[in-house]
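In case you want the letters, here they are:
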Amino acid sequence: MTSAGPGAEATASAAPATAIEFSGVRKGFGKNPVLQGLDLQISQGEVFALLGANGAGKTTSINILTTLIRPDSGTVLVGGIDVADEPNEAKRRFAVTGQSAAVDEYLSTRENLILLARLSGLSRREAKVRASRLAERLSLTSFIDTRVAALSGGMRRRLDLALSLVVQVDVLILDEPTTGLDTRSRRELWDEVKELAKGGTTVFLTTQYLEEADALADRIGLLDRGRLAGLGTPTELKAKVGQGMVAVHDNRGTTVSQLPTTGTVRDISSVLATIEPEFAESSVSLRHPSLDDVFLSLTAPGPSAEPSQTGE
């Protein structure tokens, strides 16, 4: 028997553990298949974004992952625990922030945090300390004694995120967490998610905002009609849909021509040399593939099968 050698052993030991694993997951509602053999592995400490159109299967995936529904077949593991066979044990390993703020509007920020901490088993003193620390971590200190009904949408989403962190877990599941937020609040929440990931928390994110996935995710899975249509880093996915384009614009700013380019100075010069003389006074711009291009290229148009009651 040959030895793999110390180098191979070191490489294997350095590989991050798997935090979440979907294996052959299928789920249908009535005669409509929604998830059709979903296979996915997410590493510990990774920020993973699951994208897809309404009805693609994102919310069904979240509902299975969070033990709300069972798959028809296949398994989902969180920290090695089967969420269908051991739902209570699995729940100890993750926290969830959903699409709407799950807070009591008649209580203050502090009271909401302390209440959940007490319900989670912390002593009165521990609950107060935890509430103060989370308020500071998520920039809620100035609003800690403000009643939730008086908070802005962005502050309410921060509070919802803080509530999901009352009990420290390895995996944070964010189901469209910035829906309805303005641009500034959305970007501030992104910063908080990035800080959590730096601390080793695995983040599983669903979103309809392609910009959000591009800004946050280490890897992206593109779900289309219950199957993964694309998987990789944002850069890898963009590379799949082609090269950059030199766009030619008329004097009104309308794009009149787009020509492919590798992006090098030599190639761009060659492309410009082919432009018709009539456009010699036109302006040009260099456009790289975006996640919008990936989405349009890899997904099919038309309605999909996920029923509206799943939240999509």
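Scoring rules and cut-offs
Counting restarts for each chain: residues are numbered from 1 in the order of the written sequence. The model is predicted, so local features are restricted to residues of pLDDT at least 70 and side-chain atom pairs to those at 80 or more, both for listing and for counting; the totals for chains, interfaces and linings are taken over all residues. The side-chain quantities take in all heavy atoms of the structure and omit both hydrogens and water. UniProt positions are given in the numbering used here, feature names are shortened, and annotations may be inferred rather than shown by experiment. Per the convention used, a helix needs a DSSP run of H or I reaching at least four residues, while a strand needs a run of E reaching at least two, with both numbered from the N terminus. Accessible areas in this description were obtained via Shrake-Rupley with a 1.4 Å probe; residue shielding takes into account the shown protein chains only. We count Lys and Arg on the positive side and Asp and Glu on the negative side, and we leave His and both chain ends out. Note on charges: their place is set at NZ of Lys, CZ of Arg, CG of Asp or CD of Glu. Any helix carries an expected span of 1.5 Å times its number of residues minus one. Partly exposed residues are those whose accessible area sits between 20% and 50% of the maximum for their type, while under 20% is buried and over 50% is exposed, using a 1.4 Å probe and protein chains only. By arc we mean the arc of the directions from the helix axis to the C-beta atoms, nothing more. Residue contacts are defined here by distance: any two heavy atoms, one from each residue, within 4.5 Å place the two residues in contact. Each pair of aromatic rings taken from Phe, Tyr and Trp, with Trp reduced to its six-membered ring, is defined by centres within 6.5 Å and is described as stacked if the planes are under 30 degrees apart, edge-to-face if over 60, and tilted in the remaining cases. When the NZ atom of lysine or the CZ atom of arginine is within 6 Å of a ring's centre and also within 35 degrees of its normal, the charge is said to sit over that ring. Here, the term nonpolar core denotes a set of buried Ala, Val, Leu, Ile, Met, Phe, Trp, Tyr and Cys residues that are joined through side-chain atoms within 4.5 Å. How far each domain reaches was decided by an automatic or database domain assignment. Only the stretch in contact is used when fitting a helix axis, every axis being a line fitted to C-alpha atoms; angles between N-to-C directions are given from 0 to 180 degrees. Orientation categories follow fixed angle ranges, with anything under 35 degrees roughly parallel, anything over 145 roughly antiparallel, 65 to 115 roughly perpendicular, and all other angles oblique. In this scheme the handedness of a crossing depends on how the near helix is turned from the far one: anticlockwise by less than a right angle means left-handed, clockwise means right-handed. All residues other than Ala, Val, Leu, Ile, Met, Phe, Trp, Tyr, Cys, Pro, Asp, Glu, Lys and Arg, Gly among them, are scored as polar; the first ten of these are nonpolar and the last four charged. For two strands to pair, DSSP has to find at least two bridges joining them.

The name that an unreviewed UniProt entry assigns to the chain is ATP-binding cassette domain-containing protein, with the source organism given as Brevibacterium aurantiacum. Per its UniProt entry, the chain bears the Subcellular location (unreviewed entry) comment "Cell membrane".

Asks: Run through the overall build of the chain, naming residues and quoting values.
Replies: Looking only at helices and strands, the chain features 11 helices and 13 strands. Counting only C-alpha atoms and orienting by the principal axes, one finds that the chain spans roughly 75 × 65 × 50 Å. Total accessible area computed for the chain in this model is approximately 16300 Å², and 49% of it derives from carbon and sulfur atoms. If you average the places of the 33 positive and of the 39 negative side-chain charges in the chain, the two averages end up 6 Å apart.

Asks: Report on helix 7 (residues 183–198), specifying residues and quantitative values.
Replies: Taking 1.5 Å per residue, 16 residues should reach 22 Å; helix 7 reaches 23 Å between its end C-alpha atoms and fits that length. Along helix 7, the residues that are buried comprise Ser185, Arg186, Leu189, Trp190, Glu192, Val193, Leu196 and Ala197. All buried residues of helix 7 fall inside an arc of 165° around its axis, so they share one side. Facing away from the buried side of helix 7 by more than 90 degrees, the exposed set consists of Arg184 and Lys198. In this structure, the buried side of helix 7 is in contact with strand 3 (47–51), helix 5 (124–137), helix 6 (153–164), strand 7 (171–175), strand 8 (202–206) and helix 8 (210–216). Downstream of helix 7 by one or two residues, Gly200 has phi in the positive range, about 100°.

Asks: With reference to specific residues and values, describe the packing of aromatic side chains.
Replies: Tallied over the full model, the rule gives 2 aromatic pairs. Joined through ring pairs, the aromatic side chains of Phe22, Phe48 and Phe204 make up one cluster. Above the face of the Phe29 ring, Lys27 is positioned so that its terminal group lies 5.6 Å from the ring centre. Cation over ring: Arg186 sits above Tyr209, and NZ or CZ is 4.0 Å from the ring centre.

Asks: Go over the nonpolar core, please, and point to the residues and values.
Replies: Counting residues in each nonpolar core, the largest one holds 45 residues, and the members touching the most others are Leu113, Leu140, Leu159, Leu161, Leu172, Leu174 and Ile220. Look past the residues within four positions of Leu140 in its chain and what remains in contact with it is Thr109, Ala135, Met155, Arg158, Leu159 and Ala162. Ala19, Leu35, Leu40 and Phe94 belong to the second largest nonpolar core, which has 24 residues in total.

Asks: Could you give an account of the domain arrangement of the chain, with specific residues and numbers?
Replies: Segmenting the chain into domains produces domain 1 (17–93 + 169–239), domain 2 (103–167) and domain 3 (241–298). For domain 2 versus domain 3, the distance between C-alpha centres works out to 50 Å.

Asks: Which residues make up the environment of Leu161, and what values go with them?
Replies: Looking at the element boundaries, Leu161 is found in helix 6. Accessibility expressed as a relative area gives 2% for Leu161, which makes it buried. Sequence separation between Leu161 and Leu172 is 11 residues; the distance between their C-alpha atoms is 9.4 Å. Setting aside anything within four residues of it in sequence, one finds Leu161 in contact with Thr97, Leu138, Leu172, Leu174, Leu189, Glu192 and Leu196.

Asks: Please provide a residue-by-residue account of the packing of helix 4 (residues 109–119) against helix 5, values included.
Replies: With their axes 8 Å apart at the nearest point, helix 4 and helix 5 run at an angle of 130° to one another. Considered as vectors, helix 4 and helix 5 are oriented oblique to each other. Crossing handedness for the pair helix 4 and helix 5: right-handed. Seen from helix 4, the contacting residues are Arg110, Leu113, Ile114, Ala117 and Arg118; seen from helix 5, they are Arg124, Ala127, Lys128, Ala131, Ser132 and Leu134. Its residues placed into classes, the contact of helix 4 with helix 5 shows 6 nonpolar, 1 polar and 4 charged.

Asks: Describe in detail the sheet that holds strand 11 (residues 244–249), supporting the description with residues and values.
Replies: Pairing in this open sheet of 3 strands is antiparallel, and the strands run 12-11-13 from one edge to the other. Each edge of the open sheet is held by one strand with a lone partner, namely strand 12 (255–261) and strand 13 (283–287). Recorded for the sheet is a direction-independent mean angle of 25° between the axes of neighbouring strands. Relative to the sheet, helix 10 (residues 265–273) contacts strand 11, strand 12 and strand 13, its axis offset from that of strand 12 by approximately 140°.

Asks: How would you summarise the packing of helix 4 against helix 6 if you had to cite specific residues and measurements?
Replies: Describing two packed helices takes the angle between their axes plus the distance from one axis to the other. Helix 6 packs onto helix 4 with a crossing angle of 20° between their chain directions and a minimal axis gap of 10 Å. Considered as vectors, helix 4 and helix 6 are oriented roughly parallel to each other. When the axes of helix 4 and helix 6 are compared, the crossing they make is right-handed. Residues Thr109, Asn112, Leu113 and Leu116 of helix 4 pack against Leu159, Ala162 and Leu163 of helix 6. Split by residue class, the contact of helix 4 with helix 6 holds 5 nonpolar, 2 polar and no charged.

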